[in-house]
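Each chain, written out:
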Amino acid sequence: METILNVKGLTKSFGPKKAVDGISLSVIRGEVMGLLGPNGAGKTTAIRMIMGILTPDAGEICFNFGGRPQQLDKGKIGYLPEERGLYDDARVIENLLYLADLKGRPAREARREALQWLERLDLGDYADQKLEKLSKGMQQKVQFIASILHRPELVLFDEPFSGLDPVNQDFFKEIIRELQDGGTTVLLSAHQMNLVEELCDSIFLINHGREVLSGKLQAIKESYKEHLVELRYN
Ligand code: ATP
């Protein structure tokens, strides 16, 4: 099976603290992989290294876009950061079009699709509002749209469901499924086990920056649940 992302021996310390300690993982094209672990396990640090935001102390990150190995290409990746990264004093539509432009999406297409997404996520009336006027949950939906508007091959969602009510969690879940049906690969970190089980084909569980367990969800379902109980994670 073709992989879209290969990570080997990824390591990052902050002072004496090893946040990520030699993890290796491969994400198969077209799958949804869940990156799980308790608070402080190293999930966000790993995702930030994959996104090129943090420089690893050691390890390799290799992408495989359009069938050939290559380095990071931000136009082909979508990213929903844990801490939101939009402009508060810009309008919702401006935020979306600015990011789509940075990723190389033609303006007219991006505008049409941004408005469709806003409509679908019940934000149709807010396109011209300044972002800061929206609730946290609404802002997260805008960030979610921003991460997929340029039609990436691979999307990294860092805690996409946190702070969302169940209706919006369902919206996100439905859209992640649609992305997968359209061939997009997804790596997501999440705490909500029910959502992880409904969405993920495979999981990668980390604790103290190290792999605890990984594999196809079906194959390791019982053992990973035991680990989660041990880690008091759920
Ligand atoms: P959470 O689910 O709480 O977001 P996480 O699994 O994403 O946790 P990280 O945010 O990657 O974990 O943090 C891993 C460890 O690295 C933690 O001990 C954290 O305190 C530490 N850490 C992360 N970023 C920094 C930083 N910029 N400076 C110092 N320590 C950091």
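Residues numbered from 1 in each chain as written. Predicted model: local features only at pLDDT ≥ 70, side-chain atom pairs only at ≥ 80, totals over all residues. Heavy atoms only, no water.

Undergrad: Please explain unusual backbone geometry as it appears in this structure.
TA: Glycine aside, residues mostly have negative phi, and peptide bonds are mostly found in the trans state. Positive phi is not limited to glycine here, since Glu159 has a value of about 55°. As for its placement among the helices and strands, Glu159 is situated in the loop between strand 7 (154-158) and helix 5 (166-181). In this structure, His208 takes a positive phi of about 50° despite not being glycine. Looking at the element boundaries, His208 is found in the loop between strand 9 (202-207) and strand 10 (210-216). Look at His208 and you get exposed, because its relative accessible area is 57%. (Helix = DSSP H or I, 4+ residues; strand = E, 2+ residues; numbered from the N terminus. Buried < 20%, exposed > 50% of the residue type's maximum accessible area, 1.4 Å probe, protein only.)

Undergrad: Just to check I follow, could you spell out the packing of aromatic side chains for this structure?
TA: Geometrically, a pair of aromatic rings is defined through the distance of the ring centres and the angle of the planes. All chains considered together, the criterion is met by 4 aromatic pairs. Ring geometry for Phe63 versus Phe65: centroids 5.4 Å apart, planes at 10°, classification stacked. Since its relative accessible area comes to 1%, Phe63 is described here as buried. Here Phe65 falls in the buried class, since its relative accessible area comes to 1%. Ring centres of Phe144 and Phe172 lie 3.8 Å apart, and the angle between their planes is 15°; this geometry places the pair in the stacked category. (Phe/Tyr/Trp six-rings, centres within 6.5 Å; stacked < 30°, edge-to-face > 60°.)

Undergrad: How should I be thinking about the sheet that holds strand 5 (residues 68-70) in this particular structure?
TA: The strands that make up a sheet pair up through hydrogen bonds in the backbone, lying either parallel or antiparallel. The 4 strands lie next to each other as 2-1-4-5, forming an open sheet whose pairing is antiparallel. Where the open sheet ends on each side, the last strands, each with one partner, are strand 2 (17-28) and strand 5. In this sheet, neighbouring strand axes are inclined to one another by 20° on average, regardless of whether the strands run parallel or antiparallel. Alignment of strand 1 (residues 3-14) against strand 4 (residues 58-65), held across 5 bridges, turns out to be antiparallel. Residue pairing for strand 4: Asn6 is matched across the bridge by Cys62. (Pairing = 2+ DSSP bridges. Axes fitted to C-alpha atoms, helices over the stretch in contact; angles between N-to-C directions.)

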